[in-house]
Amino acid sequence: MDLTPLFKPRTMAVFGVSRNNDTHPANVIFNKNNLRYPVQTFALNPGGGSLQRVPLYPSLSEIPVGIDLAVIATRAEIVETVLDDCLLNEVGAAVIISGGFAEVGNHRLQERITDMAREASFPFIGPNCLGIHCPTKFDTLFLPSERIIRPELGNLAFISQSGGILVDQMLKFAGEGIGMSAGVSIGNKALIREIDLLKYFDQDPATRVIAFYIEGFAENEGRHFVQAAQASPKPKVVLKAGKSAGGVAAASSHTASMAGDYQVFSEIMKQYSIAEARNELELTAFCESLSCFDQRSIQGRVGIISLSGGHGVLAVDTCIAHGLEVPRLLEETRETLRERLNPAIQGIASLQNPVDLTGSSIDSDFLAAADILSRCQEVDSILVLLLPYSPGTSPDIGAKLSLIQQRNDKPMVAYVPKEEKYRIIVEGFELYNVPVSSTLEGSVQMLEALKRCRKC
Amino acid sequence: MLNTKTRNIIEQSRKRGWVLEPEAKELLSSWNFSLPGFIWTSSLSRAEAFAQEQGYPLVMKIVSSQIMHKTESKGVVLGIDNLQLLRETFHRFSEYQGFEGVLVEEMISGTTELIIGSKTDFQFGPVVLLGIGGTGVEIYQDTVLRMAPLTEADVGFMFDDLKGKALLSGFRGGTGINFAYLTQMLVRFSNLVMDLKDIESIDLNPVICTPERAVIADARIILKQN
């Protein structure tokens, strides 16, 4: 089944556009695509007529061009007829927004439309979903543009069983400057399921990281999913809902009692190198970090650079709590570093790990420490705790440090307090893909993500 | 591909819903897993003859379709070291409901007890569990899971994930277990569970480990309810 028309439509037809209800989902979808996106969009209504001088087409056959993507937001009982029309007119794919299927017990109707589509090799997302958001291309979310916060175009594909989680994560991704190649709400996932999208985005050159919000798999579907994931070299992140639900009641064996649904899920994710985020904060941190780096198989030996001793120690504690190591630096590494520091701090800087450059440090000290840690064998990743309060730290420090990561290709992440006036530093780091967090915890999670993509 | 013995034992046990321990051991023995020498008999004289041949100490366990949890029913006696205790235990067990004989077996001693298990998971199919075993298995809760079939690398990561790994390696001068032997055993066990159909879960617990090998001292195979 070819999913290209789902994600790269040139033309789109929106079914169910109302002549008099501006807030009808179909109207919202038609308007935003017609006004804001390059996709050529047509509105359909069986009664014809027009909407704000735009024609409403009574049927697909009257639209003068071929349609790549149909967006169906009609009542459930009409969907079958609409789907028939799509197949007859050789539409490429559909997003079925309409609810009223398996989620309310209407399994037979859902099976009928699924069988129809499967027989015709016609891909559809849904039903009962928000559909697809592809930044700068098109958007089938029936939420008004002015109400939602949209990430920029980027390399993260996020697939969510819940539409609400998709929209909320888009806001969080946007807040951290994480760009998306696509966000997909799959709803009842009657035909196109996680595994199909995993395979599609694995082949999509614009996507670098594939993330999922998963509530559950069908029988044996989890097995096929991890096997497909194993075949894809791209990093995968999963957030699982329903961790606490359904303990095994009165199991008759120790194995059955200790292998609860979630334990099995979580440990198999490790086995298949899929980074499982424990909550939505980790999901965001993992996605940000993985979308920045090519080098993703670190063991987790972190070199920490700070100008505050206290932050250094707290960062060590956080690293250990997240299963990362903070190894001692070799004498030789320390000596090389000391020689490159400015004379004012040579005698007072502590060059163990964490490297504490003190409040008297200047930009060149940070650059020397980052450069040397980037080249030494003792650490495989760098955490920069950038507290921009001391006079020797310039606004250019972020950009300068990100250049070092660009040159040396050793993953670097930064902690910078979240204040508008330090934004120039954050943007500097992001210039060459150094992910920044406004919490110590978040910055350590970003490093952990790189380790969690390893098989273990 | 399942052998005839395995297919027959599973078929015969279907009505009961689980496999009697001596049959589970015969099944595992047919796949070349290490088991204690044992005899399943309802005759005291044959039990005595086995004792004479095998030598003490021995273990005796009740075999009854009505008793799946033997320890909880006081149906296991360890360290039988004389004929009188053997006879007394036999007589006591023969009074149990659904008595189908006793299992008399060689008493294996080792440094560590592990649990190796399997379960057919709804979403992922057969999975294998490894953990610190014995009767305290659910107290320690030190177990890891992976999807079957396992590779040798998977087994390595499973051992790495156990909190009690240091104990297995020979803590404070103690002797460790044979990781290479157990790795092969787990890989073969995972292949077996891929071939077995209609299994709800399997417990091999305890698996008694010595520096040389690992012996399955008890085995419970529960079939899927239809």
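Residues numbered from 1 in each chain as written. Chains lettered and ligands numbered in written order. Predicted model: local features only at pLDDT ≥ 70, side-chain atom pairs only at ≥ 80, totals over all residues. Heavy atoms only, no water.

**Details of the overall build of chain B**
Next, step 1: In terms of helices and strands, chain B carries eight helices and 11 strands.
Next, step 2: For chain B, the C-alpha radius of gyration of 18 Å lies close to 17 Å, the compact-globule estimate for 226 residues.
Next, step 3: Classification of the 226 residues of chain B by burial places 53% in the buried group.
Next, step 4: Contacts in chain B between residues at least 24 apart in sequence constitute 62% of all its contacts with a sequence separation of at least 6.
Next, step 5: Accessible area of chain B: about 10,200 Å², with a carbon and sulfur share of 51%.
Next, step 6: If you average the places of the 22 positive and of the 27 negative side-chain charges in chain B, the two averages end up 2 Å apart. (Helix = DSSP H or I, 4+ residues; strand = E, 2+ residues; numbered from the N terminus. Rg over C-alpha atoms; globule rule 2.2 N^0.38 Å. Buried < 20%, exposed > 50% of the residue type's maximum accessible area, 1.4 Å probe, protein only. Contact = heavy atoms within 4.5 Å. Areas by Shrake-Rupley, 256 points an atom, 1.4 Å probe, with all protein chains shown as cover. Lys, Arg positive; Asp, Glu negative; His and termini not counted. Charge placed at Lys NZ, Arg CZ, Asp CG, Glu CD.)

**Things to note about the domain arrangement of chain B**
All names here are of chain B.
Next, step 1: For chain B, the assigned domains read domain 1 (38–106) and domain 2 (110–223).
Next, step 2: On a C-alpha basis, the centres of domain 1 and domain 2 stand 27 Å from each other.
Next, step 3: Contact residues are listed per partner, giving five residues for domain 1 and four residues for domain 2.
Next, step 4: Counting the surface lost from both domain 1 and domain 2, the interface buries some 410 Å², and carbon and sulfur atoms represent 38% of this.
Next, step 5: Considering only the side of domain 1, the residues that lose the most area to domain 2 are Lys61, Met68 and Lys70, jointly responsible for 62% of the buried surface there.
Next, step 6: There are one salt bridge connecting domain 1 and domain 2.
Next, step 7: For the interface between domain 1 and domain 2, the tally reads three residue pairs in polar contact (both at pLDDT 80 or more). (Domains from an automatic or database assignment. Buried area = accessible area lost by both parts, 1.4 Å probe. Salt bridge = Lys/Arg side-chain N within 4 Å of Asp/Glu carboxyl O. Polar contact = N/O pair within 3.5 Å; in protein donor to acceptor, adjacent residues only side chain to side chain.)

**Here's the deal with the sheet that holds strand β3 (residues 58–64) of chain B**
Residues and elements named next belong to chain B.
Next, step 1: Across the sheet, four strands lie side by side as β2-β5-β3-β4; this open sheet has antiparallel pairing. In the strand order of this sheet, the two ends are held by β2 (38–41) and β4 (76–80), each with one partner. Averaged over all pairs of adjacent strands, the angle between strand axes in this sheet comes to 20 degrees, irrespective of strand direction.
Next, step 2: Its contacts with the sheet put helix α2 (residues 21–29) on β2, β3 and β5 (99–106), and the angle it makes with β2 is roughly 140 degrees. (Pairing = 2+ DSSP bridges. Axes fitted to C-alpha atoms, helices over the stretch in contact; angles between N-to-C directions.)

**A few points about the interface of chain A and chain B**
Next, step 1: At the interface, 31 residues of chain A touch 36 residues of chain B.
Next, step 2: A combined buried area of about 2,800 Å² lies between chain A and chain B, and 55% of that area is made up of carbon and sulfur atoms.
Next, step 3: Joining chain A to chain B, the criterion identifies two salt bridges.
Next, step 4: Between A:Lys270 and B:Asp161 there is a salt bridge, and its shortest N-O distance comes to 2.6 Å.
Next, step 5: Our count for the chain A to chain B interface comes out at 22 residue pairs in polar contact (both at pLDDT 80 or more).
Next, step 6: Those elements that provide at least two residues to the side of chain A that touches chain B are α7 (221–230), α8 (254–258) and α9 (261–271) of chain A.
Next, step 7: At nine residues, the largest contribution of residues to the side of chain A that touches chain B is made by α9(A).

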